[in-house]
Number of protein chains: 2
Amino acid sequence: MPSTRVLRLAVPTLLLTLAASGAVAQQPSKAEQTLKYRKAVYQAIVWNFGPMSAMAQGKMPFNAAEFEMRAARVAALTPMLSDAYSAESQNVSGSKAKPEMWSNRADFDAKMQDLVERSATLATVAKGRDEAKTKAAFFDTAGTCKSCHDKYKED
Amino acid sequence: MPSTRVLRLAVPTLLLTLAASGAVAQQPSKAEQTLKYRKAVYQAIVWNFGPMSAMAQGKMPFNAAEFEMRAARVAALTPMLSDAYSAESQNVSGSKAKPEMWSNRADFDAKMQDLVERSATLATVAKGRDEAKTKAAFFDTAGTCKSCHDKYKED
């Protein structure tokens, strides 16, 4: 059937539809999609941060290979936040970003850059498989999360 | 109080809390957390797939640098799905995975591996900045999404 064949050939139709901002009335707005993406990246970071945190605090046995894998993931994820705070997503509902985040954008961006750099360092250090150095680099990275959340994230 | 001890106690509290499955009654179960992580990784993939799809189909001007960046992100994200389908998440509500996915696990895993490999190839090809080759590698990757969704994902 020609129409079915056309559909089958249009391989990424589903993905395109999801990405097309406002092209279809039922689709979320670009701002809503951005917030959803933002939360998704943080969620993936948290998932991988959790076991590292438990290991760093001795609540789980230190596993150098797992630590290295999760640190590499987090280092890949943190730069993905660069398109998660576009201007049009400023007033979207459901965000926990404080208004100060938007009015102190340069400071926020610097904190983000700090997170990107420290998570990259953590990934490098974790490859060395030295427990003490890896844990120290982890706490250094975790500190950047807290410093930004304290200032710019609603509880 | 030694600063290290303060850091150890204070810094990753938030993350630990989020990661501690069932430690607090209000926390989601491990299965629910896994589903949330799974959806988050797909959401991040879709966000980056969207512009590539639009470029590949000529609905957006081809931007080799952006294509390379988004292909690298997707190649980093697809292996993160390896811990997104753990056994305990099989019966969690809200999943669109069909029961066949769990009963044909080896086939599903092979399809996942295909996605991981083709997205890695796409990232390598996109670095070459050749438009035709990049688009071909994109459709090749997108085909692995569709082949798995058709078989194992509810509409």
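Residues numbered from 1 in each chain as written. Chains lettered and ligands numbered in written order. Predicted model: local features only at pLDDT ≥ 70, side-chain atom pairs only at ≥ 80, totals over all residues. Heavy atoms only, no water.

**Thoughts on the overall build of chain A**
Then comes step 1: The number of helices and strands found in chain A is seven helices and zero strands.
Then comes step 2: In sequence order, the secondary structure elements of chain A are arranged as α-α-α-α-α-α-α.
Then comes step 3: Classification of the 155 residues of chain A by burial places 43% in the buried group.
Then comes step 4: When the accessible surface of chain A is totalled, it reaches about 7900 Å², and 56% of it is carbon and sulfur. (Helix = DSSP H or I, 4+ residues; strand = E, 2+ residues; numbered from the N terminus. Buried < 20%, exposed > 50% of the residue type's maximum accessible area, 1.4 Å probe, protein only. Areas by Shrake-Rupley, 256 points an atom, 1.4 Å probe, with all protein chains shown as cover.)

**Side note on the confidence of the model for chain A**
All names here are of chain A.
Then comes step 1: Looking at chain A, pLDDT values average 89 and 84% of them are 70 or higher.
Then comes step 2: Note that residues 1–12 has pLDDT below 50 and, in this model, ten contacts with residues that lie over four places away or in other chains.
Then comes step 3: Segment residues 17–24: pLDDT under 50, and eleven contacts once partners within four positions in sequence are set aside and those in other chains are kept.
Then comes step 4: As scored by the predictor, the complex reaches a pTM of 0.85 and an ipTM of 0.85. (pLDDT = per-residue confidence, 0-100. Contact = heavy atoms within 4.5 Å.)

**Points about the packing of aromatic side chains**
Then comes step 1: Counted by the stated rule, this structure contains 17 aromatic pairs over all chains.
Then comes step 2: Geometrically, the ring pair formed by Phe 49 of chain A and Phe 138 of chain A is tilted, given 4.9 Å between the ring centres and 45° between the ring planes. Here Phe 49 of chain A, found in helix α3 (residues 30–56), pairs with Phe 138 of chain A, found in helix α7 (residues 131–152); they are 89 residues apart in sequence, far enough to count as distant.
Then comes step 3: Accessibility expressed as a relative area gives 0% for Phe 138 of chain A, which makes it buried.
Then comes step 4: Measuring from centroid to centroid gives 5.6 Å for Phe 138 of chain B and Phe 139 of chain B, while their planes differ by 70°, and the two rings are edge-to-face.
Then comes step 5: Of the residues examined, Phe 139 of chain B reaches a relative accessible area of 31% and is grouped as partly exposed.
Then comes step 6: Among the aromatic residues, those joined into a cluster by ring pairs are Tyr 42, Tyr 85, Trp 102, Phe 108 and Tyr 152 of chain A. (Phe/Tyr/Trp six-rings, centres within 6.5 Å; stacked < 30°, edge-to-face > 60°.)

**Some details on the layout of surface pockets**
Residues and elements named next belong to chain B.
Then comes step 1: Reported here for the second largest pocket is a volume of approximately 150 Å³.
Then comes step 2: If you go around the second largest pocket, the residues you meet are Thr 78, Pro 79, Leu 81, Ser 82, Tyr 85, Arg 105, Phe 108, Asp 109, Met 112, Gln 113 and Val 116.
Then comes step 3: Classifying every residue of the lining of the second largest pocket by side-chain character gives six nonpolar, three polar and two charged. (1 Å grid on protein atoms, 1.4 Å probe; cavity = no way out; pocket = protein on both sides within 12 Å on 5 of 7 lines; lining within 4 Å. Points joined across faces, edges and corners; volume = space filled by probe spheres on them. Nonpolar A, V, L, I, M, F, W, Y, C, P; charged D, E, K, R; others polar.)

**Focus on the packing of helix α6 (residues 105–127) of chain A against α7 of chain A**
Residues and elements named next belong to chain A.
Then comes step 1: Contact geometry for α6 and α7: axes closest at 9 Å, N-to-C directions at 165°. By the angle class used here, α6 and α7 are roughly antiparallel. Seen from above, α6 lies across α7 with left-handed handedness. In contact with Asp 107, Phe 108, Lys 111, Asp 114, Leu 115, Arg 118, Ser 119, Leu 122, Val 125 and Ala 126 of α6, α7 contributes Lys 133, Thr 134, Ala 137, Phe 138, Asp 140, Thr 141, Thr 144, Cys 145, Ser 147, Cys 148, Lys 151 and Tyr 152. (Axes fitted to C-alpha atoms, helices over the stretch in contact; angles between N-to-C directions. Parallel < 35°, antiparallel > 145°, perpendicular 65-115°, else oblique. Left-handed = near helix turned anticlockwise from the far one by under 90°.)

**Side note on the environment of Phe 49 of chain B**
Then comes step 1: Classification of Phe 49 of chain B by relative accessible area gives buried; the value is 0%.
Then comes step 2: In the structure, Phe 49 of chain B is positioned 18 residues away from Phe 67 of chain B in sequence and 9.4 Å away in space, judged by C-alpha atoms.

**Examining the side chain of Ser 119 of chain A**
All names here are of chain A.
Then comes step 1: Here Ser 119 shows up in helix α6.
Then comes step 2: Here Ser 119 falls in the buried class, since its relative accessible area comes to 1%.
Then comes step 3: Non-local contacts of Ser 119, meaning those with residues more than four positions away in its chain, are made with Ala 71, Val 74, Ala 75, Thr 78 and Thr 141.

**Digging into helix α4 (residues 64–77) of chain A**
Then comes step 1: Under the 1.5 Å per step criterion, the end-to-end length of α4 of chain A is 20 Å for 14 residues, consistent within 8% with the ideal 20 Å.
Then comes step 2: For α4 of chain A, the full list of buried residues reads Ala 64, Glu 66, Phe 67, Arg 70, Ala 71, Arg 73, Val 74, Ala 75 and Leu 77 of chain A.
Then comes step 3: Buried residues along α4 of chain A sit in contact with α3, α6 and α7 of chain A together with α3 (30–56) and α4 (64–77) of chain B.
Then comes step 4: Capping the start of α4 of chain A is the job of one residue whose side-chain oxygen sits 3.1 Å from the backbone nitrogen of Ala 65 of chain A: Asn 63 of chain A. (Expected span 1.5 Å × (residues − 1). Polar contact = N/O pair within 3.5 Å; in protein donor to acceptor, adjacent residues only side chain to side chain.)

**Observations concerning a positive patch on the surface**
Then comes step 1: Taken together, the side chains of Lys 39, Lys 96 and Lys 153 of chain A together with Lys 36 of chain B make up a positively charged region of the molecular surface.
Then comes step 2: Mapped onto the elements of the fold, Lys 36 of chain B is located in helix α3. (Patch = residues over 30% accessible without salt bridge, like charges linked within 9 Å, V, L, I, M, F, W, Y side chains within 5 Å. Salt bridge = Lys/Arg side-chain N within 4 Å of Asp/Glu carboxyl O. Lys, Arg positive; Asp, Glu negative; His and termini not counted. Charge placed at Lys NZ, Arg CZ, Asp CG, Glu CD.)

**A closer look at the pattern of salt bridges**
Then comes step 1: Enumeration over the complete set of coordinates arrives at 20 salt bridges over all chains.
Then comes step 2: With a shortest N-O distance of 3.0 Å, Asp 107 of chain B and Lys 151 of chain B are connected by a salt bridge. Here Asp 107 of chain B is found in helix α6 (residues 105–127), whereas its partner Lys 151 of chain B is found in helix α7 (residues 131–152), with 44 residues between them in sequence.
Then comes step 3: Residue classification places Lys 151 of chain B among the partly exposed residues on the basis of a relative accessible area of 39%.
Then comes step 4: Ionic pairing is found between Asp 140 of chain B and Arg 118 of chain B, a salt bridge with its closest N-O pair at 2.7 Å. Remark: Arg 118 of chain B occurs in helix α6 and Asp 140 of chain B occurs in helix α7; sequence separation between them is 22 residues.
Then comes step 5: Each of Glu 66, Arg 70 and Arg 73 of chain A together with Asp 83 of chain B takes part in a single network of salt bridges with overlapping partners.

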